[in-house]
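# Structural characterization, general
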Amino acid sequence: MDGGNEGYPLLRSQTTVDLSRNGEAVADLTGKVHLLPCCIKYDGSTSVSDYFKPKFSGIEVDGLRVEEAYFRGRKLNGATLPLPDGYSGFILGKKSSDEKTNAETSYCWEANAKFQNLTLWNHDSLPSNDDAFMRTFHWFAVAKALHQPVNVEDLEYLPVDEDVV
Amino acid sequence: MESETALPKWASKPCIMGIDEAGRGPVLGPMVYGCLYCARSYQKTLSTLNFADSKTLKEEKREELFENLKADESIGWAVDVIDPRELSSKMLKKNKINLNEISHDSAMGLIRKVLSIGVLLTEVYVDTVGDAEKYKVKLSERFPNIKFVVAKKADSLYPVVSGASIVAKVTRDRALRDWVLDETAANMHTTFGSGYPGDPQTKAWLEDHKHSIFGFPTLVRFSWGTCTSYSKDMVEVLWETDDADEDGSDGRTGKRQLKLTNVGFTPVKRKSEETESSGKGRCKFFQARKLELLSHF
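What you see as residue numbers is a count from 1 along each chain, following the sequence as written. All chains are assigned letters beginning with A, and all ligands numbers beginning with 1, in the order in which they are written. Confidence filtering applies because this is a predicted model: local features only for residues at pLDDT of at least 70, side-chain atom pairs given and counted only at 80 or more, and all residues used for totals across whole chains, interfaces and linings. The side-chain figures draw on all heavy atoms in the structure; neither hydrogens nor water molecules are used.

## Focus on the packing of aromatic side chains
In this scheme Phe, Tyr and Trp rings, the latter by its six-membered ring, pair at centre separations within 6.5 Å, and the angle between planes marks the pair as stacked below 30 degrees, edge-to-face above 60, and tilted otherwise. One pass over the structure, following the stated rule, counts 17 aromatic pairs over all chains. Each ring, one from Tyr 125 of chain B and one from Tyr 158 of chain B, has its centre 4.7 Å from the other, and the planes form 45 degrees; the classification is tilted. On the criterion of sequence distance, the pair formed by Tyr 125 of chain B in strand β4 (residues 121-127) and Tyr 158 of chain B in the loop between α6 (154-157) and α7 (159-177) is long-range, its members being 33 residues apart. Each residue is assigned to one of three classes by its accessible area relative to the maximum for its type, calculated with a 1.4 Å probe on protein chains only: buried under 20%, partly exposed between the two thresholds, exposed over 50%. The buried category is assigned to Tyr 125 of chain B, whose relative accessible area is 9%. With a centroid separation of 6.3 Å and an interplanar angle of 65 degrees, the aromatic rings of Phe 216 of chain B and Phe 222 of chain B are classed as edge-to-face. As far as burial versus exposure is concerned, Phe 216 of chain B and Phe 222 of chain B are alike and both buried. Put simply, the rings of Tyr 51 and Phe 71 of chain A together with Phe 214 and Trp 239 of chain B touch in pairs and so form one group of aromatic residues. Above the face of the Phe 56 of chain A ring, Arg 65 of chain A is positioned so that its terminal group lies 3.8 Å from the ring centre. A helix here means a DSSP run of H or I that spans at least four residues, while a strand means a run of E at least two residues long, and both kinds are numbered starting from the N terminus. Sitting over a ring, as applied to charges here, requires NZ of Lys or CZ of Arg to be within 6 Å of the ring centre and within 35 degrees of the ring normal.

## Details of the pairing of strand β6 (residues 64-71) of chain A
Residue and element names in this part refer to chain A. Note on pairing: DSSP must find at least two bridges between two strands before they are called paired. Bridge count for strand β5 (residues 55-61) against β6 is five bridges, and the pairing is antiparallel. Bridge pairing links Lys 55 to Glu 68 in β6. The turn linking β5 back onto β6 is made up of two residues, and Asp 62 within it adopts a positive phi angle of 50 degrees. By the bridge criterion, five bridges tie β6 to strand β7 (residues 74-82) in an arrangement that is antiparallel. Pairing of Phe 71 across the sheet is with Arg 74, part of β7. Once β6 ends, the chain turns through two residues before running back antiparallel as β7, passing Arg 72 with a positive phi of about 50 degrees.

## Focus: the side chain of Asp 155 of chain B
Residues and elements named next belong to chain B. Here Asp 155 shows up in helix α6. Residue classification places Asp 155 among the buried residues on the basis of a relative accessible area of 4%. Not counting the four nearest positions on each side in its chain, Asp 155 is found in contact with Asp 20, Ala 52, Asp 53, Lys 55, Asp 127, Val 161, Ser 162 and Ser 165. In what follows, a contact means two residues having at least one pair of non-hydrogen atoms within 4.5 Å.

## Re the UniProt feature "domain: RNase H type-2" (unreviewed entry) in chain B
UniProt positions are given in the numbering used here, feature names are shortened, and annotations may be inferred rather than shown by experiment. UniProt's entry tags residues 14-236 of chain B with the feature "domain: RNase H type-2" (unreviewed entry), counted in the numbering of this structure. Split by type, residues 14-236 of chain B is 41% helix and 17% strand. Its first and last C-alpha atoms lie 56 Å apart.

## Digging into the interface of chain B and chain A
Much of the literature gives interface size as the accessible area that the parts lose upon coming together. With 38 residues of chain B at the interface, the matching set in chain A holds 38 residues. Buried area between chain B and chain A, both sides added, is near 3,600 Å², and the carbon and sulfur share of it is 63%. Area buried by chain B at its contact with chain A is led by Phe 214, Trp 239 and Phe 297 of chain B, which between them contribute 23% of it. What makes a salt bridge here is a side-chain nitrogen of Lys or Arg within 4 Å of a carboxyl oxygen of Asp or Glu, nothing more. On the surface where chain B and chain A come into contact, there are two salt bridges. For Lys 55 of chain A, the salt bridge is made with Asp 182 of chain B, and the minimal N-O distance between the two is 3.1 Å. Within 3.5 Å is the distance limit for a polar contact, defined as a pair of N or O atoms, with the added protein rule that one can donate a hydrogen and the other accept it, and that residues adjacent in sequence qualify only through two side-chain atoms. Joining chain B to chain A, the criterion identifies 15 residue pairs in polar contact (both at pLDDT 80 or more). Sorting the residues of the side of chain B that touches chain A by element identifies α3 (84-91), β6 (237-239), α10 (240-248) and α13 (284-288) of chain B as the ones contributing at least two each. Charged means Asp, Glu, Lys or Arg here, nonpolar means Ala, Val, Leu, Ile, Met, Phe, Trp, Tyr, Cys or Pro, and polar covers whatever is left, Gly included. For the side of chain B that touches chain A, the class distribution of residues is 18 nonpolar, 11 polar and nine charged. By definition, the buried area sums, over both parts, the 1.4 Å-probe accessible area that each loses when the two are put together.

## Considerations on the sheet that holds strand β3 (residues 34-35) of chain A
Pairing in this open sheet of five strands is mixed, and the strands run β3-β10-β7-β6-β5 (chain A) from one edge to the other. Since the sheet does not close on itself, it has two edges, and those belong to β3 and β5 of chain A, each with one partner.

What follows is the structure in structure tokens.
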């Protein structure tokens, strides 16, 4: 890594993410994205649906429908979370046209697949709204409040403490 | 599974029961606990029924004896079939439940079940799992009105336990014979053999069904030592629940350290930074939710 420039080589400032792929349709993985509570030291494809068979557990927690599945002998409890309206999840890959340049130095990404929900799995505990990952969804509401355009009427109805004014 | 639900007359007289297990050692398939009970007055007749330790009997003989005892109106029976998924997952929980505990729970579950249908159990004979004396104390505490005889080789000493061993063994064999694999990959077969790790058929089946990502079909007991010998053929998986264990205690186990060195993670701290997002340097809202701002990736 480069000493100066805050630790990033100059090329790094050219990170791009291409979600549209020029209108080309990408695979829809809705219902097939699983976040497991482990790190699998493998990157590639495998026959997930032949081996990983989630079933409804008959339990509901925090309004979440709890599913169960087994991986490497461990029992996992999961819940499927829909992404809020206006949001999509994407599986990114290094842009294929950049293969001629070294993949290691390329920071151009493109969407290989998209999804509208994902299933979050816990080992040894039931999913709940207090799970760290669930809590990241709080950001959606905060972001909306922060970025929603403010117009004159909104300002007029702002609850202002009159004594101070 | 159990005998007819209508409670026979003899069940309100003092009864004896035997409990035994089948499929404790195998690396695959369910473990079955079986029990057989009858009136104490039937004990003499029971010893003429040629029940013997199920392991010393041929399969056809066991099947025949099982059919006979099912037809015998003076005998009741019940089984508890413990799915291999349950065995693996309990033994691989963060707070591990060992096989002895699972066995004890199953045996006690059978006693509870038989009592709950109204059988007057006064004596229960159990083939021991672990220390016989401790096991006896545990059982007597739970069921103070029952006299327990806990012994090694109870299945060859007491006909009522021999009978239970036949119930358990036949149920286990049938369960494995009729097993429908949950997995749907191509070229799977059901020539499991006995399930014992030394059985050549079982070895061949394990070899044919190992999978680099998923390990094995869920019929296999992942918590068995036999499975570890296949780990070289499998992709390594590091569990968050195991990491927490490690952080929680000062004295990390040598085994765990070895595992981390194997995959090239020496400083543990670095590892979690690599794999986990953090909200380092951001306001509390983000830190608490591990939301990191990534401008370069």
